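Architecture at a glance
Each chain, letter by letter, is given below.
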Amino acid sequence: METGERLPGSLKEKAGRPLASAESLCPIPLREGGEPGCWEDAWPLQPEALHMCLFVEVNLINEPLVIFVCATTGQGDPPDNMKSFWRFIFRRSLPSTALRQMDFAVLGLGDSSYAKFNFVAKKLHRRLLQLGGSALLPVCLGDDQHELGPDAAIDPWLQDLWEKVLGPHPVPLNLDLSPPGVLWPSKFTLQFLKDTPSSGPEELCAAGTDPQGPPSELQPFLAPMVSNQRVTGPSHFQDVRLIEFDISGSGISFAAGDLVLIQPENTASHVQQFCQALGLDPEQHFTLQPREPGVTCPTRLPQPCSVRRLVSQYLDIASVPRRSFFELLACLSPHELEREKLREFGSARGQEELCEYCTRPRRTALEVLCDFPHTAAAVPPDYLLDLLPLIRPRAFSIASSLRAHPSRLQILVAVVQYQTRLREPRRGLCSSWLASLDPAQGPVRVPLWVRSGGLTFPKTPDVPVIMVGPGTGVAPFRAAIQERVAQGETGNVLFFGCRRRDQDFYWEAEWEQLQARGCLTLVTAFSREQEQKVYVQHRLRALGPLVWELLDGRGAHFYLAGNAKYMPADVCDTLLSIFREEGGLSDPDAAAYLAQLQRTLRFQTETWA
């Protein structure tokens, strides 16, 4: 991972090799919690070294020093790979002196556009104090929304951390300082094959589903795309698609509120451009071998694999590169001028300039490589998986119910495209890839699988639900309404907002038909159809008496989905005003009422930045 100024030399051997075990690494066990791709760039250790630092929870009480790196998911929830530890650390049976021998520090990775910003890190820090641990520093709150990214908070925090750590916990005698910029060996070696394999292991790896269980990330279902329809008007600024998949025979089952994860691909033109820049033959095949024992190859990558498949389906060449990308490129560069610029971008002092060059205009890794042609041409293939992250699956709210559409799965996709100061428009990898697929031109299959989402709807009969879903935020509520109507539930209230009725009113005919049948109360807000803009929170406030009666009188559940920027806070403020004016509550009591709804899961949100 990251080298140079962000990596204390005491954590590397003289040769710069990653260390072989937790015992020889350093006296700092690391506990990481985060979905793949979020913590690696924040903590300056090789990923395999990090994983070797993980320890069994019961040994925690014996550790003198632990650094925790954690992310927050969902509605303030720990990531999947942290849940076991989370259950352990919050056991009521743990005595208040359980961690009295431990010095600790917590580094949180979050996004301040979400209401539960770094909630897990904050809660973990408090819990460790409750158990007698001694905090070396206040919790560090890395923020993706900062224009310099999480590094803005992490850089000074790490500097303070090492000053605190290296006094009471000196470096082991068998370790020595390594100068900044020393190149670590690659995690893997690519062994190119002289002959193209005669069999088709790549296709075998990708096709079908796991007979032992439902589709998953390791074995996605290649779902036939049935339709791909634009549902916004031709003059509307955004292309939004309603896409339907056939999931017959997949073993996939889902409920309202669940998510479908889709594994996208890079465009053919970008793959060709990347291979040309690095001097790679896309048709050449290779096998991947880890350098260190205990390191596993990416599980989805077939062996052997073609360069084309590696670049098109695995390497995220369209992502905006992080600082570690520039640090590694600088170590690999044979060109003096390019190397000096890359070092500057990878240094703490160069973060403002890196932001201006890369982060702010959303320049991609592929574009950076094209800007540094001598360096790109010299990148050893062995370092491809160190340099570039793997393409991560994208999650979409499922917009249909199996009760209404058996053997079908539908999603509502806003195609991401916007302009920065760069000549080429910026495009979302997954949404643009999906929009480019046309099942009318021939069979199209998309790798996907399903997981539980953050929204759960009441199973008790006759419990009303209030749903606020402007724009594409309405998608999970369509699934919920279809499911509830099929079960005979009529207490469905939907607040939907968009710009104009004739441009982006998704499922207008379906809503009106349900309303005519008495199955739905529909409240709309068309923000651009009058001089004064009207949003869902305004319509919510206008129907304050109904909202209060449903929540306080009938025990309704309240749901909110959509963009995280302003709308969730505006809706919460509106609810507080309704509680005060319609319920006669004081400010503290209104806030407590809302908090109680959240604790009992009668108020749930699903938002995205």
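Conventions adopted
Residues numbered from 1 in each chain as written. Predicted model: local features only at pLDDT ≥ 70, side-chain atom pairs only at ≥ 80, totals over all residues. Heavy atoms only, no water. UniProt positions renumbered as here; feature names shortened; annotations may be inferred. Helix = DSSP H or I, 4+ residues; strand = E, 2+ residues; numbered from the N terminus. Buried < 20%, exposed > 50% of the residue type's maximum accessible area, 1.4 Å probe, protein only. Areas by Shrake-Rupley, 256 points an atom, 1.4 Å probe, with all protein chains shown as cover. Disulfide = S-S within 2.5 Å. Contact = heavy atoms within 4.5 Å. Phe/Tyr/Trp six-rings, centres within 6.5 Å; stacked < 30°, edge-to-face > 60°. Core = buried A, V, L, I, M, F, W, Y, C linked by side-chain atoms within 4.5 Å. Pairing = 2+ DSSP bridges. Axes fitted to C-alpha atoms, helices over the stretch in contact; angles between N-to-C directions. pLDDT = per-residue confidence, 0-100. Arc of directions from axis to C-beta. Parallel < 35°, antiparallel > 145°, perpendicular 65-115°, else oblique. Left-handed = near helix turned anticlockwise from the far one by under 90°. Nonpolar A, V, L, I, M, F, W, Y, C, P; charged D, E, K, R; others polar. Salt bridge = Lys/Arg side-chain N within 4 Å of Asp/Glu carboxyl O. Expected span 1.5 Å × (residues − 1).

The protein chain appears in an unreviewed UniProt entry as NADPH-dependent diflavin oxidoreductase 1 from Bos indicus. Its UniProt record, at the heading Subcellular location (unreviewed entry), says of the protein chain: "Cytoplasm, Perinuclear region".

In this section: the overall build of the protein chain. In terms of helices and strands, the protein chain carries 22 helices and 21 strands. Considering the protein chain as a whole, with its 609 residues, one finds that 52% of them fall into the buried category. Approximately 27400 Å² of the protein chain is accessible, and the part contributed by carbon and sulfur atoms is 51%.

Summed over the entire model, instances satisfying the criterion amount to zero disulfides. Counting only cysteine sulfurs, Cys355 is the nearest neighbor of Cys358, a cysteine outside any disulfide, at a range of 9.1 Å.

It is worth spelling out the environment of Gln313 at this point. Note on placement: Gln313 falls in helix H8 (residues 307-313). A sequence separation of 77 residues divides Gln313 from Leu390, and the C-alpha atoms of the two residues are 8.6 Å apart. Ignoring any residue separated from it by four or fewer positions in sequence, one finds Gln313 in contact with Gln263, Pro264, Glu265, Arg300 and Ile391.

What follows deals with the packing of aromatic side chains. Taken as a whole and judged by the stated rule, the model has 17 aromatic pairs. Judged by centre distance (6.2 Å) and plane angle (70°), the ring pair of Phe192 and Phe286 falls under edge-to-face. Placement of Phe192 in strand E6 (residues 188-192) and of Phe286 in strand E10 (residues 285-290) is noted, with a sequence separation of 94 residues between them. Taking 5.4 Å as the distance between ring centres and 70° as the angle between the ring planes, the aromatic pair formed by Phe505 and Phe526 counts as edge-to-face. Of this pair, Phe505 sits in the loop between helix H17 (501-504) and helix H18 (508-516) while Phe526 sits in strand E19 (residues 521-526), and the two are 21 residues apart along the sequence. Taken individually, Phe505 and Phe526 each receive the classification buried, so the pair is uniform in this respect.

Let us now look at the nonpolar core. If you look at the biggest cluster of nonpolar residues, it comprises 42 residues, and the most contacted ones within it are Phe274, Leu278, Leu310, Phe325, Phe326 and Leu384. With near-sequence residues (within four places) excluded, Leu384 lies in contact with Leu190, Phe274, Leu278, Leu280, Leu310 and Leu315. One finds Val240, Ala475, Ala480 and Phe526 within the second-largest nonpolar core, a separate group that totals 30 residues.

We now examine the sheet that holds strand E12 (residues 394-397). If you trace the six strands from one edge of the open sheet to the other, you get E12-E9-E16-E7-E8-E13, paired in antiparallel fashion. At either margin of the open sheet sits one strand with a lone partner, and together these are E12 and strand E13 (408-414). Taken pair by pair, the neighbouring strands of this sheet meet at an average axis angle of 40°, ignoring direction. Pairing between strand E7 (residues 221-230) and strand E8 (residues 240-246): five bridges, direction antiparallel. Of the residues in E8, the one forming a bridge with Ser227 is Glu244.

The pLDDT averaged across the protein chain works out to 87; a share of 88% of its residues lies at or above 70. The low-confidence segment residues 1-39, where pLDDT is below 50, has 142 contacts with residues more than four positions distant or belonging to other chains.

This part covers the sheet that holds E10. The antiparallel open sheet is built from three strands, whose spatial order is E6-E10-E11. The sheet terminates laterally at E6 and strand E11 (305-306), the two strands that pair on one side only. Direction of pairing for E6 relative to E10: antiparallel, over a ladder of five bridges. Bridge pairing in E10 places Phe188 opposite Pro290.

What follows covers helix H7 (residues 268-278). Structurally, the α-helix is built with 3.6 residues per turn, so residues lying three or four positions apart point the same way. Listed as buried for H7 are Val271, Phe274, Cys275, Ala277 and Leu278. Down the axis of H7, the sector holding all buried residues measures 160°, keeping them to one side. Structural note: H7 exposes Ala268 and Gln276 on the side pointing more than 90 degrees away from its buried face. Packed against the buried residues of H7 are H8, helix H12 (365-371), helix H13 (373-378) and helix H14 (384-387). Following H7 by one or two positions, Gly279 has its phi on the positive side, about 70°.

A few words now on the environment of His374. Counting through the fold element by element, His374 comes out in helix H13. By relative accessible area, His374 is classed as partly exposed at 46%. C-alpha separation for the pair His374 and Leu337, spaced 37 residues apart in sequence, amounts to 9.9 Å. When neighbours within four sequence positions are excluded, His374 is seen to be in contact with Pro334, His335 and Glu338.

Running from amino to carboxyl end, helix H21 (residues 567-583) crosses helix H22 (residues 587-599) at an angle of 120°, the nearest separation of the two axes being 9 Å. In terms of orientation, H21 lies oblique with respect to H22. Relative to H22, H21 is oriented so that their crossing is right-handed. Contacts between H21 and H22 involve Cys572, Leu575, Leu576, Phe579 and Arg580 from the former and Asp587, Ala590, Ala591, Tyr593, Leu594 and Leu597 from the latter. When its residues are assigned to classes, the contact of H21 with H22 shows nine nonpolar, no polar and two charged.

Okay, the pattern of salt bridges next. Applying the stated criterion across every chain, the model contains 23 salt bridges. Connected via shared salt-bridge partners are Glu147, Glu356, Arg360 and Arg421.

This part is about the environment of Val320. Considering the arrangement of structural elements, one finds Val320 in the loop between H8 and helix H9 (323-332). Taking C-alpha positions, Val320 is 5.8 Å from Arg363, a pair spaced 43 residues apart along the chain. The residues touching Val320, leaving out its near neighbours within four places in the chain, are Cys358, Thr359, Arg362, Arg363 and Thr364.

Let's shift gears to H22. Here H22 is 13 residues long and its end C-alpha atoms lie 18 Å apart, about the 18 Å a rise of 1.5 Å per residue gives. Turning to H22, the residues buried within the fold contact helix H20 (544-554), H21 and strand E21 (603-608).

Attention shifts here to the packing of helix H10 (residues 336-346) against helix H11 (residues 351-359). Remark: H10 packs on H11, axes separated minimally by 7 Å, with the N-to-C direction vectors making an angle of 105°. The angle between H10 and H11 places the two elements in the roughly perpendicular class. Contacts between H10 and H11 pair Lys341, Glu344, Phe345 and Gly346 from the former with Gln351, Glu353, Leu354 and Tyr357 from the latter. Of the residues assigned to the contact of H10 with H11, the class counts are three nonpolar, two polar and three charged.

On to unusual backbone geometry, then. Omega for the bond connecting Gln303 with Pro304 falls within 30 degrees of zero, at -5°, which places this linkage in the cis form. Note that Pro304 resides in the loop between E10 and E11. We note that Trp507 has phi near 60°; this positive angle belongs to a residue other than glycine. As for its placement among the helices and strands, Trp507 is situated in the loop between H17 and H18. Positive phi values are uncommon outside glycine, yet Leu601 reaches one of about 60°.

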